[in-house]
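Descriptive structure summary
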Amino acid sequence: MTVAGRLAIAIVGAGACGTLLGVRLLRQAGLPVDIALIERAAEFGRGAAYASPNPDHTLNVMAHMMGGEAEADTDGFIRWQAQDAGLADPAAIRNDYPSRWQYGTYLQHLLAQAERECPGRLRRLRGEVQEISQLGVSRYALRLADGGIVEADIVALCLSNLDPAPFLPQGTPRCIDDPWRPGTLERIGPADRLLIVGTGLTMVDTVLDLLARGHTGPITAVSRHGFLPLEDAMPVPYADFFAPGIASRGILAVMQNLRREVGDAAKNGIGWHSVVEAFRVHTSAIWKRLDEVNRHRFLRHLRSLWFVHRHRLPPRHMRRLDALREAGRLGIMAGRIVELVPGADAVRVTLRRRGRAAEETVTVDRVVNCTGPESDYARSPMALVQSLVAQGLGRPDAYRLGLDIDEDFTLLRADGRRAEGLVTLGPPTRGRFWEVTAVPHLRRQVEAFVARLVASHTASGGTKPWR
Ligand SMILES: Cc1cc2nc3c(=O)[nH]c(=O)nc-3n(C[C@H](O)[C@H](O)[C@H](O)COP(=O)(O)OP(=O)(O)OC[C@H]3O[C@@H](n4cnc5c(N)ncnc54)[C@H](O)[C@@H]3O)c2cc1C
């Protein structure tokens, strides 16, 4: 505890998760907190997801679900937008997919507003946290790249996913391992022949970026299954049909049940989106009930299929991809790369299509890694993560999906004991809760974490910061 009875909380990362947490803590009555919100990027409130200035990079979730403040009021974002656009009725934009840039601006608005209402309780610190050390039971010191030190009773790691794991040959301009890194796509010439590895939302983002830059060359996107994200649609209310207990019979029983329900719904003219939306409220409970064998079975065989049904594309993007494919400018391939040889003028790639023995060789001008973010913390080059793991203050989870945590978001040390006061929220909690990336999930996690903090603070009569 710093000033008598006040809680010092350090939030590492001011993307969507860290920002929503900061806002919630500031607004939380009865919790005397002093917050240090630390961000290495130039802007607070954007993170990787909401920093793209490309207006085509839109949300993939309808606007009415993206309110940042409370589960009970998810319309906050459309109200802000309507006000910003001078629209009388926010309902007119409920089902829109605004740009992600605009959503980042909304998050910045929420933070600035909460800071105005609670002056002096949140410090914004620009810099990269590179090291963490423990000073006491629930007391930590964070060292920033510029040598600055921040001490706190509670450290909330809101680091999101990690940067994409580099797997393409390094040191050649013909291979691009991180399409999100600012300036990397500028290396691609307008007529370049491209091979994109990955056929998910990162690929779509990259293709939309290339179109905006006037790219006209042929693009082939390859992934193990060749699955493209499916088109989003407005679900209709659908009765809760799924009993999480089924998960004890294994993942195949779960999928059979879901498929049967989708089939029955179709007979009544109801689309799969409505069934999947009704099913989705159970995914964390299902994950918790699956045993280790079935979790690995899901990850190996069903994860990609689930992702394309779960992380969907706004209709207008699907139209653009369809047009590119009809024009023969975008090819989607199910298969894998056997060999990749970058040369001075081109890259020779040997591929094997799924289910085929024969190999085929293509020559392209560039190869782009769109396999998405890394989640294996054991492989992270980030200094902070290496410091955390090296000191045994944290460990990757058993599925290499994020950090190993307890039910209340507390990190588990290398020896399995709790690292009191050290928590993580958002994508790093996937190994424990599975559904953790979209803003509605971040919002719920933030709400649950702060509620627990209030309860433990009250229970300890304001003496103990945590537990
Ligand atoms: C491209 C993309 C599009 C998405 N679109 C949607 C969508 O439309 N709707 C939806 O609901 N969800 C979407 N998501 C999912 C979800 O909203 C995001 O994953 C969300 O941004 C996660 O928030 P976060 O704060 O955990 O991570 P981020 O927003 O990525 O923030 C993490 C922040 O931590 C900072 N940081 C990391 N390490 C350090 C350090 N050591 N020191 C200081 N700062 C550090 C980073 O700079 C970054 O700003 C999208 C995700 C991505 C990647």
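Residues numbered from 1 in each chain as written. Predicted model: local features only at pLDDT ≥ 70, side-chain atom pairs only at ≥ 80, totals over all residues. Heavy atoms only, no water.

With that settled, consider the overall build of the protein chain. Of regular secondary structure, the protein chain possesses 12 helices and 16 strands. Compactness check: the protein chain gives a C-alpha radius of gyration of 23 Å against a globular reference of 23 Å for 467 residues, within 12% of the reference. Projecting the C-alpha coordinates of the protein chain onto the three principal axes gives extents of approximately 70 × 55 × 55 Å. Residues classed as buried in the protein chain amount to 53% of the 467 residues present. Taking the intrachain contacts of the protein chain between residues at least 6 apart in sequence as the baseline, contacts between residues at least 24 apart amount to 68%. Surface summary for the protein chain: the accessible area is close to 20,100 Å², and the carbon and sulfur share equals 52%. Separation of charge centres in the protein chain, based on 59 positive and 51 negative side chains, amounts to 4 Å. (Helix = DSSP H or I, 4+ residues; strand = E, 2+ residues; numbered from the N terminus. Rg over C-alpha atoms; globule rule 2.2 N^0.38 Å. Buried < 20%, exposed > 50% of the residue type's maximum accessible area, 1.4 Å probe, protein only. Contact = heavy atoms within 4.5 Å. Areas by Shrake-Rupley, 256 points an atom, 1.4 Å probe, with all protein chains shown as cover. Lys, Arg positive; Asp, Glu negative; His and termini not counted. Charge placed at Lys NZ, Arg CZ, Asp CG, Glu CD.)

Another aspect to go through is the sheet that holds strand S1 (residues 7-12). A sheet is described by the order of its strands in space; here 6 strands give the open sequence S3-S2-S1-S7-S16-S15, paired in mixed fashion. Two strands close off the open sheet at either side, each with one partner strand: strand S3 (122-126) and strand S15 (410-412). Pairwise comparison of adjacent strand axes, ignoring direction, gives a mean angle of 30 degrees for this sheet. The pairing of S1 with strand S2 (residues 33-39) spans 6 bridges and is parallel. By the bridge assignment for S2, Val12 is matched with Ile38. Helix H3 (residues 100-117) rests against S2 and S3 of the sheet, and its axis sits at about 135 degrees to S3. (Pairing = 2+ DSSP bridges. Axes fitted to C-alpha atoms, helices over the stretch in contact; angles between N-to-C directions.)

Here we take up the packing of helix H1 (residues 16-27) against H3. Packing of H1 against H3 brings their axes to within 9 Å, and their N-to-C directions diverge by 25 degrees. If you check the angle between H1 and H3, you find them roughly parallel. In this structure, H1 crosses over H3, and the sense of that crossing is left-handed. Counted together, Ala16, Thr19, Leu20, Val23, Leu26 and Arg27 of H1 and Leu107, Leu110, Leu111, Gln113, Ala114, Glu115 and Glu117 of H3 form the full contact between these two elements. By residue class, the composition of the contact of H1 with H3 is 8 nonpolar, 2 polar and 3 charged. (Parallel < 35°, antiparallel > 145°, perpendicular 65-115°, else oblique. Left-handed = near helix turned anticlockwise from the far one by under 90°. Nonpolar A, V, L, I, M, F, W, Y, C, P; charged D, E, K, R; others polar.)

This paragraph deals with the domain arrangement of the protein chain. The parts lose accessible area when they come together, and the size of an interface is often stated as this lost area. What the domain assignment lists for the protein chain is domain 1 (3-58 + 99-162 + 375-459), domain 2 (175-230 + 313-369) and domain 3 (244-308). Each of domain 1 and domain 3 has a C-alpha centre, and the two are 30 Å apart. Counting residues at the interface gives 11 residues for domain 1, matched by 13 residues for domain 3. Of the roughly 1,100 Å² buried between domain 1 and domain 3, counting both surfaces, carbon and sulfur atoms make up 57%. Of all residues in domain 1, Tyr399, Trp434 and Glu435 give up the largest surface area on contact with domain 3, accounting jointly for 61% of the area buried on that side. (Domains from an automatic or database assignment. Buried area = accessible area lost by both parts, 1.4 Å probe.)

Another point: helix H12 (residues 439-459). When the terminal C-alpha atoms of H12 are compared, their 30 Å separation across 21 residues agrees well with the 30 Å that a helix rising 1.5 Å per residue should span. Two residues or fewer after H12 comes Gly461, characterised by a positive phi angle close to 65 degrees. (Expected span 1.5 Å × (residues − 1).)

Before going further, it helps to examine the pattern of salt bridges. Close approach of charged atoms allows side chains of opposite charge to pair. For the structure on display, the rule yields 36 salt bridges. The salt bridge partner of Arg24 is Glu447, with a shortest N-O separation of 3.4 Å. Taken as a pair, Arg24 in helix H1 and Glu447 in helix H12 lie far apart in primary sequence, 423 residues in all. Judged by its relative accessible area of 23%, Arg24 is partly exposed. Since its relative accessible area comes to 24%, Glu447 is described here as partly exposed. Across the pair Arg319 and Asp322 runs a salt bridge, and its minimum N-O distance is 3.3 Å. You can see Arg319 and its partner Asp322 sitting in helix H9 (residues 315-326), 3 residues apart, about one turn around the helix. Exposure remark for Arg319: the relative accessible area of 42% places this residue in the partly exposed category. Residue class for Asp322 comes out partly exposed when judged on its relative accessible area of 24%. Three or more residues are tied together by salt bridges with common partners; here these are Asp232, Glu277, Arg280 and Arg312. (Salt bridge = Lys/Arg side-chain N within 4 Å of Asp/Glu carboxyl O.)

Turning to its location among the elements, Arg413 is positioned in the loop between S15 and strand S16 (418-424). No salt bridge is formed by the buried Arg413; the nearest opposite charge belongs to Asp415, separated by 5.0 Å. A distance of 2.9 Å separates a polar atom in the side chain of Arg413 from a polar atom in the side chain of Gln134. Leaving out residues up to four positions away in the same chain, Arg413 has contacts with Gln134, Gly392, Leu393, Gly394, Arg395, Arg418 and Ala419. (Polar contact = N/O pair within 3.5 Å; in protein donor to acceptor, adjacent residues only side chain to side chain.)

A few words on the environment of Ala41. By the secondary structure assignment, Ala41 is in the loop between S2 and helix H2 (76-85). Taking the C-alpha atoms as reference points, Ala41 and Pro190, 149 residues apart in sequence, are found 29 Å from one another.

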